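Fold and contact review
Residues per chain, in single letters:
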Amino acid sequence: MGSSRSSLRGVPDGQQLLQETGFSAALLLRLHQRFQFLDKDSRGHLRSEDLEAELSENPIGDRIVGAFFQPGQETVDFPSFVRVLAHFRPTEKNWTRDGVQPEPANSRNRKLKFAFQLYDQDRDGKISRTELLQVLREMLGLQVTEEQLQSIAERAIQEADLDRDDAICFDEFRKSLEKVDIDHKMSVRFLE
(Lines give C-alpha, C1' and ligand atoms only; values in the text may rest on other atoms or scores of the structure.)
Protein backbone atom coordinates (compact mmCIF):
# COMPACT_ATOMS: atom_id res chain seq x y z
CA MET A 1 0.00 0.00 0.00
CA GLY A 2 2.84 2.35 0.84
CA SER A 3 4.42 1.88 -2.57
CA SER A 4 1.14 2.75 -4.31
CA ARG A 5 0.77 5.90 -2.25
CA SER A 6 4.35 6.94 -2.86
CA SER A 7 3.84 6.42 -6.60
CA LEU A 8 1.15 9.14 -6.49
CA ARG A 9 3.86 11.82 -6.31
CA GLY A 10 3.37 12.68 -9.99
CA VAL A 11 -0.40 12.80 -9.66
CA PRO A 12 -1.72 16.32 -8.96
CA ASP A 13 -3.41 16.41 -5.52
CA GLY A 14 -3.05 12.60 -5.37
CA GLN A 15 -3.30 12.17 -1.61
CA GLN A 16 -6.24 14.57 -1.32
CA LEU A 17 -8.04 12.83 -4.21
CA LEU A 18 -7.55 9.45 -2.50
CA GLN A 19 -9.48 10.71 0.52
CA GLU A 20 -12.01 12.79 -1.39
CA THR A 21 -13.05 10.29 -4.05
CA GLY A 22 -12.55 6.87 -2.49
CA PHE A 23 -10.59 5.71 -5.53
CA SER A 24 -7.64 3.44 -4.78
CA ALA A 25 -4.09 4.64 -5.44
CA ALA A 26 -3.79 2.14 -8.31
CA LEU A 27 -6.98 3.41 -9.92
CA LEU A 28 -5.94 7.05 -9.49
CA LEU A 29 -2.71 6.21 -11.28
CA ARG A 30 -4.65 4.60 -14.15
CA LEU A 31 -7.03 7.56 -14.34
CA HIS A 32 -4.02 9.89 -14.45
CA GLN A 33 -2.52 7.84 -17.28
CA ARG A 34 -5.84 8.02 -19.14
CA PHE A 35 -6.00 11.79 -18.54
CA GLN A 36 -2.49 12.14 -19.96
CA PHE A 37 -3.46 10.02 -22.97
CA LEU A 38 -6.47 12.27 -23.63
CA ASP A 39 -4.26 15.34 -23.16
CA LYS A 40 -2.54 14.77 -26.50
CA ASP A 41 -0.72 18.13 -26.43
CA SER A 42 0.52 17.65 -22.82
CA ARG A 43 -1.09 20.92 -21.69
CA GLY A 44 -2.01 19.59 -18.25
CA HIS A 45 -5.71 20.10 -18.90
CA LEU A 46 -8.44 18.80 -21.18
CA ARG A 47 -10.80 20.69 -23.45
CA SER A 48 -14.25 19.46 -24.37
CA GLU A 49 -12.92 18.22 -27.73
CA ASP A 50 -10.55 15.89 -25.86
CA LEU A 51 -13.50 14.17 -24.18
CA GLU A 52 -16.06 14.23 -26.98
CA ALA A 53 -14.50 11.35 -28.92
CA GLU A 54 -14.65 9.18 -25.77
CA LEU A 55 -18.41 9.69 -25.48
CA SER A 56 -19.35 9.93 -29.14
CA GLU A 57 -21.51 6.79 -28.93
CA ASN A 58 -23.49 8.05 -25.93
CA PRO A 59 -26.68 9.89 -26.97
CA ILE A 60 -26.20 12.43 -24.17
CA GLY A 61 -22.41 12.47 -24.47
CA ASP A 62 -22.37 16.24 -25.03
CA ARG A 63 -24.19 16.78 -21.74
CA ILE A 64 -21.82 14.45 -19.90
CA VAL A 65 -18.82 16.24 -21.40
CA GLY A 66 -20.40 19.54 -20.31
CA ALA A 67 -20.60 18.26 -16.73
CA PHE A 68 -16.80 18.31 -16.56
CA PHE A 69 -16.74 22.07 -17.10
CA GLN A 70 -18.01 24.82 -14.83
CA PRO A 71 -19.89 27.68 -16.56
CA GLY A 72 -17.41 29.82 -18.49
CA GLN A 73 -14.63 27.28 -18.05
CA GLU A 74 -13.01 25.88 -21.20
CA THR A 75 -10.57 23.42 -19.62
CA VAL A 76 -10.56 20.84 -16.83
CA ASP A 77 -7.52 19.82 -14.81
CA PHE A 78 -6.85 16.32 -13.48
CA PRO A 79 -8.28 16.83 -9.95
CA SER A 80 -11.54 18.23 -11.37
CA PHE A 81 -11.68 15.41 -13.93
CA VAL A 82 -11.40 12.79 -11.16
CA ARG A 83 -13.97 14.54 -8.96
CA VAL A 84 -16.54 14.28 -11.76
CA LEU A 85 -15.69 10.63 -12.39
CA ALA A 86 -16.17 9.92 -8.67
CA HIS A 87 -19.93 10.40 -9.16
CA PHE A 88 -19.89 7.14 -11.12
CA ARG A 89 -18.06 5.10 -8.49
CA PRO A 90 -20.30 2.46 -6.92
CA THR A 91 -21.66 3.47 -3.52
CA GLU A 92 -20.14 1.84 -0.51
CA LYS A 93 -22.94 -0.01 1.26
CA ASN A 94 -21.49 0.46 4.75
CA TRP A 95 -20.78 4.20 4.44
CA THR A 96 -22.43 6.38 7.06
CA ARG A 97 -22.10 10.12 7.36
CA ASP A 98 -20.58 11.24 10.64
CA GLY A 99 -21.44 14.91 10.21
CA VAL A 100 -17.76 15.87 9.89
CA GLN A 101 -16.92 14.24 6.57
CA PRO A 102 -18.38 15.82 3.46
CA GLU A 103 -20.90 13.74 1.57
CA PRO A 104 -18.98 11.66 -1.00
CA ALA A 105 -19.50 12.31 -4.70
CA ASN A 106 -20.82 8.78 -5.14
CA SER A 107 -23.60 9.09 -2.54
CA ARG A 108 -27.15 8.67 -3.79
CA ASN A 109 -27.91 12.36 -3.22
CA ARG A 110 -24.81 13.59 -5.08
CA LYS A 111 -25.46 11.18 -7.97
CA LEU A 112 -29.00 12.54 -8.21
CA LYS A 113 -27.72 16.14 -8.18
CA PHE A 114 -25.29 15.26 -10.95
CA ALA A 115 -28.07 13.65 -13.03
CA PHE A 116 -30.37 16.62 -12.35
CA GLN A 117 -27.73 18.99 -13.74
CA LEU A 118 -27.58 16.98 -16.96
CA TYR A 119 -31.22 17.96 -17.51
CA ASP A 120 -31.11 21.48 -16.04
CA GLN A 121 -28.98 23.02 -18.76
CA ASP A 122 -29.77 26.64 -17.92
CA ARG A 123 -28.89 25.91 -14.26
CA ASP A 124 -31.97 27.66 -12.89
CA GLY A 125 -32.69 24.86 -10.42
CA LYS A 126 -35.61 23.46 -12.43
CA ILE A 127 -36.06 21.07 -15.32
CA SER A 128 -38.43 22.75 -17.75
CA ARG A 129 -40.55 20.92 -20.28
CA THR A 130 -38.19 22.21 -23.00
CA GLU A 131 -35.12 20.84 -21.21
CA LEU A 132 -36.81 17.49 -20.64
CA LEU A 133 -37.79 17.31 -24.31
CA GLN A 134 -34.20 18.09 -25.36
CA VAL A 135 -32.87 15.16 -23.33
CA LEU A 136 -35.60 12.83 -24.58
CA ARG A 137 -34.81 13.79 -28.18
CA GLU A 138 -31.12 13.15 -27.61
CA MET A 139 -31.72 9.80 -25.91
CA LEU A 140 -34.52 8.45 -28.07
CA GLY A 141 -33.79 10.22 -31.33
CA LEU A 142 -35.71 8.83 -34.25
CA GLN A 143 -37.03 5.83 -32.32
CA VAL A 144 -40.23 7.69 -31.40
CA THR A 145 -42.32 10.41 -32.98
CA GLU A 146 -42.35 14.01 -31.81
CA GLU A 147 -45.91 13.45 -30.57
CA GLN A 148 -44.75 10.51 -28.46
CA LEU A 149 -41.89 12.59 -27.05
CA GLN A 150 -44.33 15.35 -26.12
CA SER A 151 -46.56 12.79 -24.41
CA ILE A 152 -43.66 11.29 -22.44
CA ALA A 153 -42.53 14.76 -21.31
CA GLU A 154 -46.07 15.77 -20.37
CA ARG A 155 -46.59 12.62 -18.31
CA ALA A 156 -43.22 12.99 -16.58
CA ILE A 157 -43.95 16.61 -15.64
CA GLN A 158 -47.45 15.73 -14.39
CA GLU A 159 -46.16 12.89 -12.22
CA ALA A 160 -43.13 14.66 -10.76
CA ASP A 161 -44.30 18.29 -10.54
CA LEU A 162 -45.77 18.35 -7.03
CA ASP A 163 -46.01 22.15 -6.74
CA ARG A 164 -47.66 22.45 -10.19
CA ASP A 165 -45.29 25.11 -11.53
CA ASP A 166 -44.86 23.19 -14.81
CA ALA A 167 -41.23 22.31 -14.03
CA ILE A 168 -39.34 19.80 -11.87
CA CYS A 169 -37.15 21.09 -9.04
CA PHE A 170 -34.45 18.92 -7.46
CA ASP A 171 -36.64 17.75 -4.55
CA GLU A 172 -39.35 16.68 -6.98
CA PHE A 173 -36.73 14.96 -9.14
CA ARG A 174 -35.34 13.13 -6.09
CA LYS A 175 -38.81 12.05 -4.92
CA SER A 176 -39.76 10.81 -8.39
CA LEU A 177 -36.69 8.55 -8.37
CA GLU A 178 -37.06 7.17 -4.82
CA LYS A 179 -37.67 3.63 -6.04
CA VAL A 180 -34.97 3.69 -8.75
CA ASP A 181 -31.65 1.99 -8.06
CA ILE A 182 -29.49 5.02 -8.83
CA ASP A 183 -26.32 3.25 -7.75
CA HIS A 184 -26.89 0.63 -10.43
CA LYS A 185 -27.91 3.16 -13.10
CA MET A 186 -25.09 5.62 -12.36
CA SER A 187 -22.12 3.43 -11.56
CA VAL A 188 -19.21 2.40 -13.67
CA ARG A 189 -17.25 -0.55 -12.40
CA PHE A 190 -13.76 0.86 -12.66
CA LEU A 191 -11.22 -1.88 -13.09
CA GLU A 192 -9.24 -2.26 -9.91
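Residues numbered from 1 in each chain as written. Predicted model: local features only at pLDDT ≥ 70, side-chain atom pairs only at ≥ 80, totals over all residues. Heavy atoms only, no water.

Here we look at the layout of surface pockets
By volume, the largest pocket is sized at about 880 Å³. Considering the residues around the largest pocket, the lining is formed by 41 residues, among which Arg-83, His-87, Pro-104, Ala-105 and Arg-110 are closest to the centre. At the level of elements, α2 (14-21), α5 (61-67), α6 (78-85), α7 (108-119) and α11 (182-185) are the ones that each hand at least two residues to the lining of the largest pocket. Among the elements that make up the lining of the largest pocket, the one with the highest residue count is α7 (six residues). Residue composition of the lining of the largest pocket, by class: 13 nonpolar, 14 polar and 14 charged. Shared between two domains, the lining of the largest pocket takes at least three residues from each, and those domains are domain 1 (12-86) and domain 2 (105-191). A volume near 740 Å³ is recorded for the second largest pocket. In this structure, the second largest pocket is lined by 27 residues; those nearest its centre are Ala-115, Tyr-119, Met-139, Phe-173 and Leu-177. Looking at the lining of the second largest pocket, the elements that each hand over two or more residues are α7, α8 (129-140), α9 (146-160), α10 (170-176) and α11. Broken down by element, the residue count for the lining of the second largest pocket peaks at five residues, all from α7. Two domains each donate at least three residues to the lining of the second largest pocket, and these are domain 1 (12-86) and domain 2 (105-191). (1 Å grid on protein atoms, 1.4 Å probe; cavity = no way out; pocket = protein on both sides within 12 Å on 5 of 7 lines; lining within 4 Å. Points joined across faces, edges and corners; volume = space filled by probe spheres on them. Helix = DSSP H or I, 4+ residues; strand = E, 2+ residues; numbered from the N terminus. Nonpolar A, V, L, I, M, F, W, Y, C, P; charged D, E, K, R; others polar. Domains from an automatic or database assignment.)

A closer look at the UniProt feature "domain: EF-hand" (unreviewed entry) in the protein
Sequence positions flagged by UniProt for "domain: EF-hand" (unreviewed entry) are, in local numbering, residues 107-142 and 148-183. The span residues 107-142 shows a helical share of 67% and a strand share of 8%, and its end C-alpha atoms are spaced 34 Å apart. Secondary structure content for residues 148-183 is 61% helix and 8% strand, while the C-alpha to C-alpha distance between its ends is 29 Å. (UniProt positions renumbered as here; feature names shortened; annotations may be inferred.)

Some words on the pattern of salt bridges
For the structure on display, the rule yields 13 salt bridges. Notably, a salt bridge pairs Arg-34 with Glu-54, separated by 2.5 Å at the nearest N-O pair. Of the two residues, Arg-34 is situated in helix α3 (residues 25-38) and Glu-54 in the loop between α4 (48-52) and α5; the sequence distance between them amounts to 20 residues. By sharing partners, the salt bridges in this structure join Asp-39, Asp-41, Arg-43, Arg-47, Glu-49 and Asp-50 into a single network. (Salt bridge = Lys/Arg side-chain N within 4 Å of Asp/Glu carboxyl O.)

Here we look at the side chain of His-87
The topology assignment puts His-87 in the loop between α6 and α7. On the accessibility criterion, His-87 (10% relative accessible area) is buried. Here the side chain of His-87 touches Arg-83 through a polar contact of 3.4 Å, landing on its backbone oxygen. Not counting the four nearest positions on each side in its chain, His-87 is found in contact with Ala-105, Asn-106, Arg-110, Lys-111, Phe-114 and Met-186. (Buried < 20%, exposed > 50% of the residue type's maximum accessible area, 1.4 Å probe, protein only. Polar contact = N/O pair within 3.5 Å; in protein donor to acceptor, adjacent residues only side chain to side chain. Contact = heavy atoms within 4.5 Å.)

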